[in-house]
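Chain by chain, the residues:
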Amino acid sequence: MNVIEKILAAHSTETDVRPGRIIDVKLDYVMANDVTACLAIDVFETRLNAKKVFDPARLILVMDHYTPSSSVNAADTHNRMRAFAREQDLRHVYDGMGICHQLMMEHHVKPGQLIVGADSHTCTYGALGALATGMGSTDVAVAFNGGKIWMKVPEAVRIDVIGEWPAGVHAKDLILKIIGDLTAQGAAYKALCFGGPAVGALSVSERMTLCNMVIEAGAKFGYIAPDEKTDIYLKAANRVSYPAFADDEDAEYERVLTYDVSRLAPQIAFPHSVDNVGEIGKFEGMPIDECFLGACTNGRYEDLATAASILESRHIAPGLRFLITPASGDIYLRAVESGLIATFIRSGAMVGTPGCSACFGGTGGILGRREKLLSTANRNFKGRVGSPDSEIYLASPAVVAASALNGVITDPRRALR
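Now for a look at the structure at hand. (Residues numbered from 1 in each chain as written. Predicted model: local features only at pLDDT ≥ 70, side-chain atom pairs only at ≥ 80, totals over all residues. Heavy atoms only, no water.)

**Examining the overall build of the protein chain**
Going by this rule: Under the scheme used here, helices are H or I runs from DSSP no shorter than 4 residues and strands are E runs no shorter than 2 residues, and both carry numbers assigned from the N terminus. Atoms considered for the radius of gyration are the C-alpha atoms alone. The globule rule reads 2.2 Å times the number of residues to the power 0.38. Relative accessibility thresholds used throughout: buried, under 20% of the residue-type maximum; exposed, over 50%; partly exposed, between the two (1.4 Å probe, protein chains only). In this description, contact between two residues means that some pair of their heavy atoms is separated by no more than 4.5 Å. Only the protein chains shown count as cover for residues, and all accessible areas are computed by the Shrake-Rupley method using a 1.4 Å probe.
The helix and strand inventory of the protein chain stands at 14 helices and 18 strands. Relative to its length of 417 residues, the protein chain is compact, with a C-alpha radius of gyration of 21 Å against a globular reference of 22 Å. Looking at the protein chain as a whole, 56% of its 417 residues qualify as buried. If you take every contact in the protein chain between residues at least 6 apart in sequence, the share linking residues at least 24 apart comes to 77%. With the model as given, the accessible surface of the protein chain reaches about 16000 Å², and the carbon-plus-sulfur share is 49%.

**A look at the sheet that holds strand 9 (residues 190-195)**
As a reminder, the rule being used: In this analysis, strands are considered paired if DSSP registers two or more bridges between them. Only C-alpha atoms enter the line fits that serve as axes; for helices the fit covers just the stretch in contact. Angles between N-to-C directions range over 0 to 180 degrees.
Spatially, the four strands line up as an open sheet ordered 10-9-8-11, and their pairing is parallel. Taken across any chain shown, the strands that pair with only one partner, and hence form the sheet edges, are strand 10 (221-224) and strand 11 (255-260). Across the sheet, the axes of successive neighbouring strands diverge by a mean angle of 20 degrees, strand direction being ignored. In the sheet, strand 8 (residues 155-162) pairs with strand 9 via six bridges, with the strands oriented parallel. Following the sheet pairing, arginine 158 is matched in strand 9 by cysteine 193. Packed onto the sheet, helix 1 (residues 3-10) meets strand 8, strand 9 and strand 10 and runs at close to 105 degrees relative to strand 10. The strands touched by helix 6 (residues 171-182) within the sheet are strand 8, strand 9 and strand 11, with strand 11 carrying the most contacts at an inclination of about 135 degrees.

**Thoughts on the sheet that holds strand 5 (residues 114-117)**
Pairing is parallel across the open sheet formed by five strands, whose spatial order is 4-3-2-5-6. At either margin of the open sheet sits one strand with a lone partner, and together these are strand 4 (92-95) and strand 6 (131-134). Strand after strand, the sheet turns through a mean of 15 degrees between neighbouring axes, direction not considered. Bridging between strand 2 (residues 29-33) and strand 5 involves three bridges; their strand directions are parallel. Bridge pairing in strand 5 places methionine 31 opposite glycine 117. Packing of helix 3 (residues 72-88) onto the sheet brings it into contact with strand 2, strand 3 (59-63) and strand 4, and relative to strand 3 it is tilted by some 155 degrees.

Function-wise, these values are silent; they only describe arrangement.
Now the structure itself:
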């Protein structure tokens, strides 16, 4: 068995866990946010006629897409979630404290767990060696009730990453390259398992970027085996006890892909699909109206530090808007204490409340007609951030920061000092 099959088997009573088989699995956590929670609550209460959630310590609600409340409907949604949390005595409710996936990683996820979230980027948690996937609100309502769900065992694809990372090239560039190669449905209902020395060289933060975006190729799970960096991250979070899973010697994968990052250049995903990817040279010099640094893909401290190193003692281009949103309150506080926020403000950037922000388009940073956004987010669908006549380009924090300085898409390798 491979590690994906082993983790699923550990959460099931089935003995035959192989690709294509449908199994019942018990869940370690269930999560919903303010886009998805109210529908799940409605199904739980009215269609399932359920009274109590399976475990008030393992059902987690997060207000992140519309925080602070950006409309009366958003405020009503948040109040409904708060009332449900009180009725069910939920132990973990994050109200405007950051993005659901960042908070789950900071406070809950451990290797070997199986987690379902009512958000497509729940696959982020594979960066710590967990299996996590997004499901629709109806399925998640069933999980609210019993703490279990049925699931088809996916085929697994191993992606070996070799070479040394060049300056100005990051995990975001690698995952954009992979998505461009696989296409938006090229890994549909598969597990993408990243390994190799270049993945081992990445921080947990950068590993989160890899796993976060596997859904953009259709994947069910992203997965990176725990190592010493995982242990250090979890020890700092006081989560030190977890099971160990590894491939058997004869473990099978559908296929094995190899990427050499030493040959990788910064990548851009252009409108209106994430798999429309090309090297930055094709886009250099394109004028942009707004830059966004944040999201569950790239709103972590290391991402902010990368941008700050480029912006230090410099000012963004006249007429350009640069919105920076830390992924959680803890990240925001660390960025304040280390001086990153001061660097951003002096550069002319705007710093927002931790949350989804201009990734989702539910609060600030909305685009007008014919405007262009360069973003560290994970999706560039038509109309996602405002006007359907706007355009969204996806890139790494380094590309976004370097471009903000010039008002045009810029190769960050030109801005490194």
